[in-house]
Amino acid sequence: MRLILALALTHIRGRGRQTLVAIIGVALGVGFSIAMAALMQGGEDDFVARLVDTMPHVDITDEYRNARRQPAQDAFTAAQIAGLRPKDDRRGILNPTEAVAMLRAWVPGRLALSLKTQGVVRYSGRDVGIAIIGIEPQAEMKVSSLAKDFRQGSFTSLIAGGNNIVVGDRLAQRLGAELGTTVTVVSSTGQSRAFKIVGLFHTGTTARDEGEGYVLLKNAQILSERPNAINEIRLKLDDPNAAPQVARRAEAQLGYKAMAWQEANESLLQALVIRNVIMYTVVGAILLVAGFGIFNIISTITHEKARDIAILKSLGFTETDMRRLFLLEGVALGAGGSLVGWAVGFSLCFALSLVRFELSGAAVTQEITHLPLAWSIWHYLIAAGFALVSAGVAGYLPARQAARLNPVDIIRGAT
Amino acid sequence: MSALIETKGLTRVLPAAVPVTLVEGITLAIGAGEFVAITGPSGSGKSSLLYLLGLLDKPTGGSLAIEGRDIEGLSERERAGIRLATLGFVFQFHFLLPEFTVRENVEIPMRRLGHLGAAAMRERSTELLSALGLADHLDKRPDQLSGGQRQRVAVARSLANDPPLILADEPTGSLDSKNSDQVFAILDALVRERGKTVIAVTHDTEMAAKASRRIHLVDGRLAES
Ligand SMILES: Nc1ncnc2c1ncn2[C@@H]1O[C@H](COP(=O)(O)OP(=O)(O)O)[C@@H](O)[C@H]1O
Ligand SMILES: [Mg+2]
């Protein structure tokens, strides 16, 4: 085998410039694949991180997934009931204290209760419909990403008690209100109360900046005339990936619908899968092209070295030896290209990591940002694996032909 | 006496619209220690016969046995094994690998066979090449040598695995008379001193005359010489 390797390397070395071109071809393919994978993966990680950051990991609401089993179904096996709708319990999550205690016992993370209700904010003759969310500020700060999106004031401004509200900056803008303004909040039940704006947040998501108002849980309960009620428990887990299991267990325990962030964003996550499929297709195509370079050089070598093949066969080398020889030449080029490609990929990633740009526009929370790049040994291994396989195939086709070559034809031709 | 190489009605026909008969009905037995010269006019099938005897080509008829072993039905791998260990080839053109040194060329069959360690191979290649007067050229490449020197390297390579049978196709055909004589003397010495069997195709009547046996081919058939 070492002899075959020595022969292979000699052949490759004999074709300096073409070898260089083939290796550069593979290297560029591998390098760009690595950089692309780093960017795509980085973008995905960044996106998921933002998603995971802004959303509750598990959202338990006062809905049921399925219509309740009817007593008749238990009593009679023949009972057929159609057209049932899952109940939307207007009373909210029953026994919230007990439910929370049950969850606290095992959930690895933090949780916050809230009561969400619809209402209208009224100021200087303008009405804007919003979601009024009643919260416990201390618990909320540990669960919500909003805590760091405050422009003015904070959730803590609510703690003091009293009729205070925290709204998005766009809502304030639409109303013509500002910090300290007292606005009127009218709930869907018709209750009306005056609230003073003690905090303004900006998330960058218009739906939230324009459509949410946070008040103390107690105030929301009064507005919606549902004393002691809550209709949402939001969990922030230590490990966001555990959300589906936690959601399943919580739903089994409480009976209420518990939705993991993965479920809530299924279509978005599916889009990411499609993105990955596209990426791997492109990477595969790049390496396929690199494979053609290898095919080209090995074909040339087998034609040019037909005499060597005849000599080696006459000396007692087998067809298998010949196949291995040229296969090895292809793989050697693929391996060389992969190694150089790793360096190219690493340099590209490094260069990309230096790129910084300013995000202009309203969302100036992070003023200077850089490209999200993910570093993973797998990007390097997969790209090299792809390159080696394509090099192997590219080497194998001419190798098979070379092995079949009849030495007599060549020896006669030369004589 | 059991023959080293034995043929019965050996025939090779090239399949084509009009089939071409290269050799036909060759029946021979060649024993150990013979120096056989194959002669005949150009195109009479001397090379074709040698390729058949050397397992580079497959007969279309008749039988061939080497060291008493029938060749028919052997796998490609087994035939390659016989070429590697039992046969040594010398062609009209040296057919050395141009990228390797003289020593490496001689060691390639040894490395493929794998019976010797690196040190032993080195010793053997040095010995073979020195015996052929190439001691000063061990690390040169074939293109740095003269035609006669290259052909001597080819002889050394054919002896690499110490095969009992050497096949030579006009080994002196591309050499001047001085070099021809030298190569012939080497082959002759192999037979006399080392008990090898040499089958050599030659145009050289002088060389043929010195052989222990002559085989004459005309139109692919054995003829009286
Ligand atoms: N592939 C081939 N196609 C047609 N004719 C061939 C082929 N190979 C050899 N021949 C013919 O077979 C005959 C024998 O050739 P060869 O064995 O080389 O003769 P020699 O070595 O005695 O000169 C020649 O006439 C040659 O032209
Ligand atoms: Mg000939």
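Residues numbered from 1 in each chain as written. Chains lettered and ligands numbered in written order. Predicted model: local features only at pLDDT ≥ 70, side-chain atom pairs only at ≥ 80, totals over all residues. Heavy atoms only, no water.

### Observations concerning the layout of surface pockets
Residue and element names in this part refer to chain A. As a volume, the largest pocket reaches approximately 1100 Å³. For the lining of the largest pocket, the elements supplying multiple residues, two or more each, are helix H2 (16–54), strand S1 (58–61), helix H8 (206–211), strand S8 (212–216), strand S9 (232–237), strand S10 (258–260), helix H11 (261–264) and strand S12 (368–370). The biggest single contributor to the lining of the largest pocket is H2, with four residues. Split into classes, the residues belonging to the lining of the largest pocket amount to 15 nonpolar, 12 polar and 13 charged. Two domains each donate at least three residues to the lining of the largest pocket, and these are domain 1 (2–52 + 268–414) and domain 2 (89–261). (1 Å grid on protein atoms, 1.4 Å probe; cavity = no way out; pocket = protein on both sides within 12 Å on 5 of 7 lines; lining within 4 Å. Points joined across faces, edges and corners; volume = space filled by probe spheres on them. Helix = DSSP H or I, 4+ residues; strand = E, 2+ residues; numbered from the N terminus. Nonpolar A, V, L, I, M, F, W, Y, C, P; charged D, E, K, R; others polar. Domains from an automatic or database assignment.)

### Section: the packing of aromatic side chains
Tallying each qualifying case throughout the model produces nine aromatic pairs over all chains. Here the aromatic rings of Phe-150 of chain A and Phe-155 of chain A are separated by 5.1 Å at their centres, their planes lie at 75°, and the arrangement is edge-to-face. Here Phe-150 of chain A matches Phe-155 of chain A in class, with each residue buried. Seen in terms of ring centroids, Phe-150 of chain A and Phe-201 of chain A are 6.0 Å apart; in terms of plane orientation they differ by 80°. Their pairing is edge-to-face. With Phe-150 of chain A in strand S4 (residues 150–152) and Phe-201 of chain A in strand S7 (residues 192–201), this residue pair connects regions lying 51 residues apart in the sequence. For the pair Phe-150 of chain A and Phe-201 of chain A, one class covers both residues: buried. One aromatic cluster in this structure is built from Phe-150, Phe-155, Phe-201 and Tyr-214 of chain A. Lying across the ring of Trp-106 of chain A, Arg-249 of chain A places its NZ or CZ 4.0 Å from the centre. Lying across the ring of Phe-317 of chain A, Arg-112 of chain B places its NZ or CZ 5.8 Å from the centre. (Phe/Tyr/Trp six-rings, centres within 6.5 Å; stacked < 30°, edge-to-face > 60°. Buried < 20%, exposed > 50% of the residue type's maximum accessible area, 1.4 Å probe, protein only. Lys NZ or Arg CZ within 6 Å of the ring centre and 35° of its normal.)

### Here's the deal with the sheet that holds strand S5 (residues 69–70) of chain B
Residues and elements named next belong to chain B. Spatially, S2-S1-S4-S5 is the arrangement adopted by the four strands of the open sheet, whose pairing is antiparallel. Only two strands of the sheet have a single neighbouring strand rather than two, namely strand S2 (20–30) and S5. With five bridges joining them, strand S1 (residues 5–14) and strand S4 (residues 61–66) adopt antiparallel strand pairing. Considered in S4, the bridge of Glu-6 is made with Ala-65. (Pairing = 2+ DSSP bridges.)

### Concerning the sheet that holds strand S3 (residues 35–39) of chain B
All names here are of chain B. Here we have six strands laid out as an open sheet, ordered S6-S7-S8-S3-S9-S10, and mixed in their pairing. Lying at the two open borders of the sheet, with one neighbouring strand each, are strand S6 (87–90) and strand S10 (221–223). Mean inter-strand twist for the sheet, computed between neighbouring axes without regard to direction, equals 25°. Bridge analysis of S6 against strand S7 (residues 165–169) gives four bridges, and the strand direction is parallel. Bridge pairing in S7 links Leu-87 to Leu-165. Against the sheet, helix H1 (residues 46–53) engages S3, S6, S7, strand S8 (197–201) and strand S9 (213–218), with an angle of about 155° to S7. (Axes fitted to C-alpha atoms, helices over the stretch in contact; angles between N-to-C directions. Contact = heavy atoms within 4.5 Å.)

### Overview of the site of ligand 1
All residues adjacent to ligand 1 are Arg-412 of chain A together with Leu-14, Val-20, Leu-22, Pro-41, Ser-42, Gly-43, Ser-44, Gly-45, Lys-46, Ser-47 and Ser-48 of chain B. The environment of ligand 1 is shared, with nearby residues belonging to chains A and B. Ser-48 of chain B is positioned such that a nitrogen or oxygen atom in its side chain is 2.5 Å from an oxygen atom of ligand 1. About the coverage of ligand 1: the protein hides 61% of its 570 Å² of free accessible area. Among the elements of the structure, S2 and H1 of chain B are those that each provide at least two residues to the shell around ligand 1. No other element matches H1 of chain B, which puts three residues into the shell around ligand 1. Residues of the shell around ligand 1, tallied by class, amount to four nonpolar, six polar and two charged. (Near = heavy atom within 4 Å. Polar contact = N/O pair within 3.5 Å; in protein donor to acceptor, adjacent residues only side chain to side chain. Areas by Shrake-Rupley, 256 points an atom, 1.4 Å probe, with all protein chains shown as cover.)

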